[in-house]
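Structural description and commentary
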Amino acid sequence: MQASRETFGNRFAVVMAMAGSAIGLGNIWRFPYIVGEGGGAAFIIVYLFSSFFLSLPILLSEAVIGRRTGANTYGAMEKLAPGTGWKWMGLLTVISPLIILSYYSVVGGWSVDFFAKSLTISFIGESGEQVSSLFGRFISSVWGPLACHTVFLGLTALIVVGGVKGGIEKFSKITMPVLFFLILLMVAYSLSLPGSKAGVDYLLRPDFSKLDAHAVASAMGQSFFSLSLGVGTMLTYSSYVNKQENLIYTGVGTAIFDLLFALIAGFAVMPAVFAVGLEPAGGPGLVFSTLPYIFAQIGISAPWLSGIVSILFFLSILVAALTSSISMLEVGVAFLMEEKGLSRKKATSLLFLAAWLLGCLCSLSFGPLSEVKLLGNTIFEFCDKLTSNFLMTFGGLLFTVFVGWKMKKSEVYDELTNGGTLRPNVRCFGVLYFIIRYLAPAVIGIIFVTNLLG
Ligand code: TRP
């Protein structure tokens, strides 16, 4: 056990680090698309409800465990439920983020490549097919994606080696405000394009007929994924929050930023998609084929602007992905440092190596290893599905059950209200505790079983 543990400097730092973890590829390439598919404003209302009444209480469950114990996921479980099987849960949440990191880093690598491409070559004048074949050829090749994955993971490790304050906090505090600024610039640009109004309509026109059970489930799943829940990331970050801080405020701040960023990203992306007459799409194709094509089209009349927008866009993606990947790595680093007595440098190097190896397999699964299938999925798809559909929901379920049923109510109250001293928190504790104890486990339980059967 370590004598003194680092903490985040202040509330701003906590919220920037947590929002940094939350804001990532999920906000940029999935949210805008599923909003349009799920009924625009109608979907956004459901998303808002799931963010604040389901995901936020789960985030706070992780925060209660983390700050109460001031320990890594494994140590935290051991402290609160010594000698029980709960420590295995702690261990699981050390492994899950490492798997996410492996494939996330591959995609992070693609953004490194596209950032470099937008600096050196321009997409101007290329047709839609040319742009998407550029992407297809790149990800199915061997050395380029591997090199970019290595660079991305290397950057992640470099930041994490810098420590909680000198690495994670510093990086998040500087880059997150810049990221907001960049994406707002992009919104202005996107909305200025002729024909962009159709994109705004796509995002906002309320269409309650599209709001079926599937859309509601996808709103919940998305808010859960977007807030990085269920794998101990928020637990670990909360363990670096000082005792005077108001956990509910930091949680609400994180949820608001995550939501705002998702909406703003929607307004940066969709109006441009419609302005050049494309069909909206989600997933990697949106970021690495559709958008470069848009830059190519717009570049015909304004090459300069198109170049700059494309550089800034890929830089934003890179930064958004990095502030998420450092949070994934930190979970395991905290574990190895505190439970195995490793130095930060050694712990980071070891996990870098593990995630790098698995990431290489994920990367090659778009090329030479595309025929290697695990339960019908390529290695990349398998890692993604295993974590997003199972490990994250399972983790979220166990965290809420732990806080709602295993911990004493007085302990939870104490942690969420700072010993009863925070008036607003005292007032909303009852509702929050009810959600953590009954509603959240029931809803995530249903999502988990549905994923299992589906
Ligand atoms: N929230 C991240 C995003 O929107 C992705 C993510 C999912 C994540 N699970 C996580 C990040 C766990 C950190 C830890 O892109």
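Our subject is the structure that appears above.
The following paragraphs examine the structure supplied in this document. As the structure is a prediction and not an experimental result, all values here were calculated from the model.

Next up on the list: the site of the ligand. The local shell around the ligand holds 17 residues, among which Ala-22, Leu-25, Gly-26, Tyr-104 and Phe-225 are the closest. The contact in question runs from an oxygen atom of the ligand to an N or O atom on the side chain of Asn-27, over 3.3 Å. At a separation of 3.0 Å, a nitrogen atom of the ligand approaches a polar backbone atom of Ser-226. Taken by itself the ligand offers 360 Å² of open surface, and the protein chains cover 100% of this. Looking at the shell around the ligand, the elements that each hand over two or more residues are helix 1 (11-22), helix 2 (25-37), helix 5 (86-120), helix 10 (213-226) and helix 14 (303-340). Per-class residue counts for the shell around the ligand are 8 nonpolar, 9 polar and no charged.

Our next topic: helix 14. Taking 1.5 Å per residue, 38 residues should reach 56 Å; helix 14 reaches 54 Å between its end C-alpha atoms and fits that length. At Glu-330, helix 14 is deflected by roughly 25 degrees, the largest bend along its length. Most of helix 14 is tucked away: 28 of the 38 residues are buried. Trailing helix 14 by a residue or two, Gly-341 shows a phi angle of about 70 degrees, which is positive.

As a packed pair, helix 12 (residues 247-275) and helix 13 (residues 284-299) sit with axes 10 Å apart at the nearest point and diverge in direction by 55 degrees. On the basis of the axis angle, helix 12 is oblique to helix 13. Handedness of the helix 12/helix 13 crossing: left-handed. Of helix 13, the residues touching helix 12 (which contributes Val-269, Ala-272 and Val-273) are Leu-286, Thr-290, Leu-291 and Ile-294. Class assignment for the residues of the contact of helix 12 with helix 13 results in 6 nonpolar, 1 polar and no charged.

Here Phe-12 lies in helix 1. Separated by 238 residues in sequence, Phe-12 and Thr-250 have C-alpha atoms that sit 8.6 Å apart.

Before going further, it helps to examine the side chain of Asn-377. Relative to the helices and strands, Asn-377 is located in the loop between helix 15 (344-364) and helix 16 (379-406). With a relative accessible area of 12%, Asn-377 lands in the buried category.

Turning our eyes to something else, we now look at the packing of aromatic side chains. Counted under the stated rule, the structure contains 30 aromatic pairs. For the ring pair Tyr-74 and Phe-335, a centre distance of 5.6 Å and an interplane angle of 75 degrees mean the geometry is edge-to-face. With Tyr-74 in helix 4 (residues 73-80) and Phe-335 in helix 14, the pair connects residues that are 261 residues apart, well separated along the chain. Its relative accessible area of 18% is what places Tyr-74 among the buried residues. Ring centres of Phe-114 and Phe-135 lie 6.0 Å apart, and the angle between their planes is 75 degrees; on these two criteria the pair is classed as edge-to-face. Separated by 21 residues along the polypeptide, Phe-114 in helix 5 and Phe-135 in helix 6 (residues 128-140) bring together distant segments of the chain. Judged by its relative accessible area of 8%, Phe-135 falls in the buried class. Put simply, the rings of Tyr-103, Trp-110, Phe-114, Phe-135, Phe-288, Phe-295, Phe-313, Phe-314, Phe-366 and Phe-380 touch in pairs and so form one group of aromatic residues. Lying over the aromatic face of Phe-225, Arg-30 brings its terminal NZ or CZ to 5.8 Å of the ring centre. Of note, Arg-437 hangs over the ring of Trp-405, and the distance from its end group to the ring centre comes to 3.7 Å.

Cut-off values and rules
- Residues numbered from 1 in each chain as written.
- Predicted model: local features only at pLDDT ≥ 70, side-chain atom pairs only at ≥ 80, totals over all residues.
- Heavy atoms only, no water.
- Near = heavy atom within 4 Å.
- Polar contact = N/O pair within 3.5 Å; in protein donor to acceptor, adjacent residues only side chain to side chain.
- Areas by Shrake-Rupley, 256 points an atom, 1.4 Å probe, with all protein chains shown as cover.
- Helix = DSSP H or I, 4+ residues; strand = E, 2+ residues; numbered from the N terminus.
- Nonpolar A, V, L, I, M, F, W, Y, C, P; charged D, E, K, R; others polar.
- Expected span 1.5 Å × (residues − 1).
- Bend = angle between axes of the 7 residues up to and from the residue.
- Buried < 20%, exposed > 50% of the residue type's maximum accessible area, 1.4 Å probe, protein only.
- Axes fitted to C-alpha atoms, helices over the stretch in contact; angles between N-to-C directions.
- Parallel < 35°, antiparallel > 145°, perpendicular 65-115°, else oblique.
- Left-handed = near helix turned anticlockwise from the far one by under 90°.
- Contact = heavy atoms within 4.5 Å.
- Phe/Tyr/Trp six-rings, centres within 6.5 Å; stacked < 30°, edge-to-face > 60°.
- Lys NZ or Arg CZ within 6 Å of the ring centre and 35° of its normal.

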